[in-house]
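Descriptive analysis of the structure
Residues per chain are reported as follows:
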Amino acid sequence: MTRPAYTPNFDGKKALILHRPHPVVDAITRQLAQLGIFCDTCWPTISASAAGSADLIFFDVDLGHDEQFPWEHGQAPLPAIALIGSEAPGRLAWAISLGADAHLLKPVGSGGVFTALVIASESFARRAAMHSELDALRARLEQREAIAEATACLMLQGNMPAEAAYAQLRREAMTARLTIEAMAEQIVDELRAGHVHHRS
Amino acid sequence: MALRGRKVAIGVLFSASGPYAAIGAEGLAGTILAIDEINASGQHDFVLEAQVRDPQGATENYAALAADIVATSGARHIIGCTTSWSRKEVIPLLEKSNTMLWYPCPYEGFEAHEQVIYLGACPNQHVLPLLEFALPRFGADGYLVGSNYIWGWETSRIARDAMEAAGGRVAGERYVPLGDVDVDRIIEEIRLKRPSFILNTLIGPSSYAFLKAYAELGRADSSFQAALRPVLSCNFSEPELAQVGAAAEGQIAVSPYFQNLATEENQQFLGVVARLAPETEHVSAFFAQAYAAVHLLAAGLSATGTDDTKTVLGAVAGRAVSAPFGPMEIERSNNHAVLTPRIARATSAGFEIVADQCVAIRPDPYLAHVATRSAPHASHLRVVK
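Rules behind the numbers
Residues numbered from 1 in each chain as written. Chains lettered and ligands numbered in written order. Predicted model: local features only at pLDDT ≥ 70, side-chain atom pairs only at ≥ 80, totals over all residues. Heavy atoms only, no water. Domains from an automatic or database assignment. 1 Å grid on protein atoms, 1.4 Å probe; cavity = no way out; pocket = protein on both sides within 12 Å on 5 of 7 lines; lining within 4 Å. Points joined across faces, edges and corners; volume = space filled by probe spheres on them. Helix = DSSP H or I, 4+ residues; strand = E, 2+ residues; numbered from the N terminus. Nonpolar A, V, L, I, M, F, W, Y, C, P; charged D, E, K, R; others polar. Expected span 1.5 Å × (residues − 1). Buried < 20%, exposed > 50% of the residue type's maximum accessible area, 1.4 Å probe, protein only. Arc of directions from axis to C-beta. Contact = heavy atoms within 4.5 Å.

Section: the domain arrangement of chain A
- Looking at chain A, the domain boundaries give domain 1 (14-111) and domain 2 (135-192).
- Using only C-alpha atoms to locate each centre, domain 1 of chain A and domain 2 of chain A end up separated by 48 Å.

Next comes the structure, spelled out in structure tokens:
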């Protein structure tokens, strides 16, 4: 059984609300204050300083557009909560394409912000972890060529079968405290630079 | 509409019958007492008229009866609800009809509705001060037992955070269906695990059955006596203590109000009870908080001359008023009461207060400003006995 959840805490965090002045903004601001969250309101664009210091963002879906955001489309670097008035499929598709981690339906009353924050933070953490794992896997995929090349070089140099050459590559990586991919790249680079090695 | 010379309808929505009638009746009695007192005093130029409905403890009755109060009497204010389920049921009606609910019970927090005024304690005013008292005295390896319902789940979850932050671990955690009195397996598990204490969030008959069975265990094995391994409760009140009797002796409860509170405000309040409701046997926090709610509402009506909810709220929030449990204030940002938690021990003469911080705690319904995960700060409770 997994441990029950901790009490989520947002005390001292900073939120950005990208929405024109409206009672919705007042309602969200009131709820954020109860959670100890400061907030900045921006419209129609996000200033660089506001974007830099914010921990999370609420953005309007009804009047929102791509050019408002100082980051690549779909790559919000912080938990993003969509503020949805019109449930028109086109607007929902835009909110999804922007990478909303959670949403709040307008009008906003006395509740909902805490739930949206908890879900958005969790979903953003998962999104961030998935992206960094994906980057690492991509990098390893690119380095597979180097492993094949380094293994072939060692086979030729040492006149040994593939298994033995790969085992040697792994040993050298361990000794140098490098990943096997990094060791392979180093071997290939050295050979390309014309160094002659006598490997034991 | 000006109130001068008018009868102002006040909704009263408590379950004086059904599974938690003992607690519902307290809220009802406190409300009616305050209305009678205010009308008899002639201090205001209006008269309060109670519109009483009894949902009989059935959650599905609350919304319909609240709607009936509003439709038939035009009441803009309802004093009522005991459980969180019933409160959640009436909120849509409050929004639609611009009605205010004055909710006089402790609950598990994580709500702050603009049309609800919360006069009972939320977790940073009940379970956290209770554990702050108990952990240094009894240890941090508590056992969590509650009714299978949001109050038990959430209060236990908060307690788990606080216990682990203090270096303890949860010795066990069990939930009992509402109304169930079969607690033998839980008692057996407690006997085997020997926790530092038991945090009890059981409701009504389940709680009474548990306390009786635990007293039995304490008689069979002295290491389970209340002085060594107490049962701690956030919702154990005077009429319930009277019902459980000697079996609860020595167990510990937290509340902003106990009948034995030795303050001038309480003596005055008990004097009013004796004068206007002499048949009253016990007075609990549920009673006192409902009573305080009506007085606060009347002060708001009187100050503004209207029963419009926003206007009345504007007049009563953020101002310290006198209540049976001492000075009280409704925090403007979240509509919850600033309250002083007291720790008491159950005795044959009611609850005896053993620790009183004498410090009012601002309500923090979302636990935004309480670090439940880091080590709690050193106890600064003042032991008065």
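Some remarks on empty space enclosed by the protein
- Considering all chains together, one arrives at 2 cavities of 30 Å³ or more under this definition.
- Its volume calculated, the largest cavity comes out at about 120 Å³.
- Along the wall of the largest cavity there are 17 residues; nearest its centre are Pro106(B), Cys234(B), Val254(B), Ser255(B) and Ala285(B).
- For the lining of the largest cavity, the elements supplying multiple residues, two or more each, are strand 10 (252-255) and helix 10 (285-304) of chain B.
- Broken down by element, the residue count for the lining of the largest cavity peaks at 3 residues, all from helix 10 of chain B.
- Grouping the amino acids of the lining of the largest cavity by side-chain chemistry returns 10 nonpolar, 6 polar and 1 charged.
- In this structure, the second largest cavity occupies an estimated 30 Å³ of space.
- Ile57(A), Phe59(A), Phe69(A), Trp71(A), Ala76(A), Ala80(A), Leu98(A), Gly99(A) and Ala100(A) together form the lining of the second largest cavity.

Describing helix 7 (residues 204-220) of chain B
All names here are of chain B.
- With 17 residues, helix 7 extends 25 Å between its outermost C-alpha atoms, agreeing within 8% with the 24 Å of an ideal straight helix rising 1.5 Å per residue.
- Of all the 17 residues making up helix 7, 12 are buried; the element is thus mostly covered by neighbouring parts of the structure.
- All buried positions along helix 7 are accounted for by Gly-204, Ser-206, Ser-207, Tyr-208, Ala-209, Phe-210, Leu-211, Ala-213, Tyr-214, Ala-215, Leu-217 and Gly-218.

A word on helix 6 (residues 184-193) of chain B
All names here are of chain B.
- Among all positions in helix 6, only Ile-186, Ile-187, Glu-189 and Ile-190 are buried. The arc that holds every buried residue of helix 6, seen down its axis, measures 160 degrees, which confines them to one face. With respect to the buried face of helix 6, the exposed residues turned more than 90 degrees away are Asp-184, Arg-185 and Leu-192.
- Summarising the contacts, the buried residues of helix 6 are in contact with strand 6 (142-147), strand 7 (172-176), strand 8 (197-201) and helix 7.
- Where helix 6 ends, the next residue or the one after it, Arg-194, has phi of about 50 degrees, a positive value.

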